[in-house]
Amino acid sequence: MNQYKIAISSGKGGTGKTLVSTNAAAVLADQGKKVTFLDCDVEEPNGHLFLKPQIEKEEDIMLFSPIGIDEEKCTRCGKCADACAYNAIVVAGDKVLFFPELCHVCGACEIVCPTNAIITGNKKIGTIKHGKSRGLIDFHYALLKTAEGGMSPRLIEKVKACSGKGINIYDSPPGTACPVVATVKDVDLCVLVTDPTPFGVNDLKLAVDMCRKIGQEPVVLVNRAEYLDDELKNYCRQAGLEIIAEIPDDREIAEVYSRGDLVIDKLPRYSELLNNLTERMLEWAKKNKKK
Ligand code: SF4
Ligand code: SF4
């Protein structure tokens, strides 16, 4: 069985990314396809609120990393602070301060420290939960430990390591920062969900730029597709971006979503749209995989 990896992302929060990813996973599973849902938004996972998985297993994710400074060995030379690109170590007077929440575990401080004063050890960066949704969908999501923001990409890699055969749907964090790059960098298809507002178009442009910088050619899905002007369509045309689907601005969709339900279950009139949408996603993922 082939493996396809499809990321659902967006330039900003609140565009309907999770609405799309959870409904797409349910629709594909209902068609009898093998689906794995991976919530890569480890700082604010919410796919489980809609797909309601039965959790079967939970595991702590540990990482070997700096956990402090040995004050007796430390000469306050400042080399670690100079080497740290994330300002996780600061030398202030006769003190060396370590801020674990800023540490990205790059290892530079250990390499440059002349006295082996960097104390390392295992620290917990989060928890991953594994389960099944609708009896068919393999479901994985993680919870990043509070104050471990710098560890998001590492935890996302652990979630992605749970990818299975068949279709993998990655619910990406929003934006263009490292956690998004970690999610979309090696997928077969990145779907950018946007709305046709000026803010939506602006954030879409940033997301498209990010994707193209890392070698991804995204497609666009318009949610709340109530067009007040041609800005979004003009931009997509000029940038050579295909709009694979449009979900109308329907109050009932918003109500279903706010109750934690799936559109495919509650609003059957959208089943054709959702089936077409998943078909387009798969076509693109297959086409990109062949390249
Ligand atoms: S491991 Fe890297 S990020 Fe962490 S404190 Fe050392 S130099 Fe800074
Ligand atoms: S590099 Fe090592 S010795 Fe120098 S300040 Fe940092 S921890 Fe102390």
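Residues numbered from 1 in each chain as written. Chains lettered and ligands numbered in written order. Predicted model: local features only at pLDDT ≥ 70, side-chain atom pairs only at ≥ 80, totals over all residues.

Trainee: Explain the overall build of the protein chain here, please?
Mentor: Each helix and strand counted, the protein chain has 11 helices and 11 strands in total. Viewed in the frame of its principal axes, the protein chain has a C-alpha envelope of about 70 × 45 × 40 Å. Among the 291 residues that make up the protein chain, the fraction classed as buried is 43%. Long-range pairs, those at least 24 residues apart, make up 76% of the contacts in the protein chain with a sequence separation of at least 6. (Helix = DSSP H or I, 4+ residues; strand = E, 2+ residues; numbered from the N terminus. Buried ≥ 20, exposed ≤ 12 C-beta atoms within 10 Å, placed from the backbone. Contact = placed C-beta atoms within 7 Å.)

Trainee: Is there a simple way to explain the pairing of strand S2 (residues 35-39) in this structure?
Mentor: Strand residues, when the strand is regular, have side chains that alternate between the two faces of the sheet. When you tally the buried positions in S2, you get 5 out of 5 residues, the bulk of the element. Burial along S2 is two-sided: the face carrying Val35, Phe37 and Asp39 and the face carrying Thr36 and Leu38 are both buried. Direction of pairing for S2 relative to strand S8 (residues 166-171): parallel, over a ladder of 5 bridges. Bridge pairing in S8 places Thr36 opposite Asn168. In the sheet, S2 pairs with strand S7 (residues 137-144) via 4 bridges, with the strands oriented parallel. Along S7, the bridge assignment pairs Phe37 with Phe139. (Pairing = 2+ DSSP bridges.)

Trainee: In this structure, what is going on with the packing of helix H1 (residues 17-30) against helix H11 (residues 271-290)? I would like to understand it.
Mentor: Each pair of packed helices can be summarised by the angle the axes make with each other and by the distance between the axes. Where H1 meets H11, the closest approach of the two axes is 9 Å, and the angle between their N-to-C directions is 90 degrees. One element, H1, and the other, H11, form an angle in the roughly perpendicular class. Side by side, H1 and H11 meet where Asn23, Ala24, Val27 and Leu28 of the first sit next to Leu274, Asn275, Leu277, Thr278 and Met281 of the second. Class assignment of the residues belonging to the contact of H1 with H11 gives a composition of 6 nonpolar, 3 polar and no charged. (Axes fitted to C-alpha atoms, helices over the stretch in contact; angles between N-to-C directions. Parallel < 35°, antiparallel > 145°, perpendicular 65-115°, else oblique. Nonpolar A, V, L, I, M, F, W, Y, C, P; charged D, E, K, R; others polar.)

Trainee: Help me understand H11 in this model?
Mentor: Working note: α-helix, 3.6 residues per turn, so residues spaced by three or four point in the same direction. Compared with an ideal rise of 1.5 Å per residue, which puts 20 residues at 28 Å, H11 spans 29 Å between its outermost C-alpha atoms and is within 8% of the ideal. Burial in H11 covers these residues: Leu274, Leu277, Thr278, Met281, Trp284 and Ala285. The buried residues of H11 occupy an angular sector of 125 degrees when the element is viewed end-on, so they sit on one face. In H11, the exposed residues that point more than 90 degrees away from the buried face are Glu272, Glu283, Lys287 and Lys290. Taken together, the buried residues of H11 touch strand S1 (3-9), H1, strand S9 (189-194), strand S10 (219-222), strand S11 (243-246) and helix H10 (263-266). (Expected span 1.5 Å × (residues − 1). Arc of directions from axis to C-beta.)

Trainee: Would you explain the domain arrangement of the protein chain in this entry?
Mentor: The parts lose accessible area when they come together, and the size of an interface is often stated as this lost area. Partitioning the protein chain into domains gives domain 1 (1-32 + 164-291) and domain 2 (35-161). Distance between the C-alpha centres of domain 1 and domain 2: 28 Å. Tallying the contact residues gives 22 residues for domain 1 and 22 residues for domain 2. Residue contributions to the side of domain 1 that touches domain 2 peak at 7 residues, all from H1. (Domains from an automatic or database assignment.)

Trainee: Just to check I follow, could you spell out the sheet that holds S9 for this structure?
Mentor: Strand pairing in a sheet takes place through backbone hydrogen bonds and is either antiparallel or parallel in direction. Ordered by their spatial adjacency, 9 strands build an open sheet running S3-S6-S7-S2-S8-S1-S9-S10-S11, and the pairing between neighbours is mixed. Whereas interior strands pair on both sides, the edge strands pair on one side only; in this sheet they are strand S3 (54-69) and S11. Pairs of neighbouring strands in the sheet enclose a mean axial angle of 20 degrees, with direction left out of account. Helix H7 (residues 198-213) contacts S1, S9 and S10 of the sheet and is inclined by roughly 165 degrees relative to S9.

Trainee: Just checking my understanding: could you explain the nonpolar core for this structure?
Mentor: Inside soluble globular proteins, nonpolar side chains tend to come together where they are buried. Counting residues in hydrophobic clusters, the biggest one holds 65 residues, and the most contacted among them are Ile6, Ala25, Leu155, Ile169 and Val191. The biggest single contributor to this core is H1, with 8 residues. Mapping this core onto the domain boundaries places at least three of its residues in each of domain 1 (1-32 + 164-291) and domain 2 (35-161). If near-sequence neighbours (up to four positions away) are discounted, Val191 is found in contact with Ile6, Ala7, Ile8, Pro218, Val219, Leu221, Ile244 and Met281. One finds Ile69, Cys109, Cys113 and Ile118 within the second-largest nonpolar core, a separate group that totals 12 residues. (Core = buried A, V, L, I, M, F, W, Y, C linked by C-beta atoms within 7 Å.)

Trainee: What is the right way to look at the packing of H7 against helix H8 (residues 231-239) in this model?
Mentor: Where H7 contacts H8, the two axes come as close as 10 Å, and the packing angle between them is 20 degrees. Considered as vectors, H7 and H8 are oriented roughly parallel to each other. Where H7 crosses over H8, the handedness of that crossing is right-handed. Of H8, the residues touching H7 (which contributes Pro198, Val201, Lys205 and Val208) are Glu231, Leu232, Tyr235 and Ala239. Taken together, the residues that form the contact of H7 with H8 break down as 6 nonpolar, no polar and 2 charged. (Left-handed = near helix turned anticlockwise from the far one by under 90°.)

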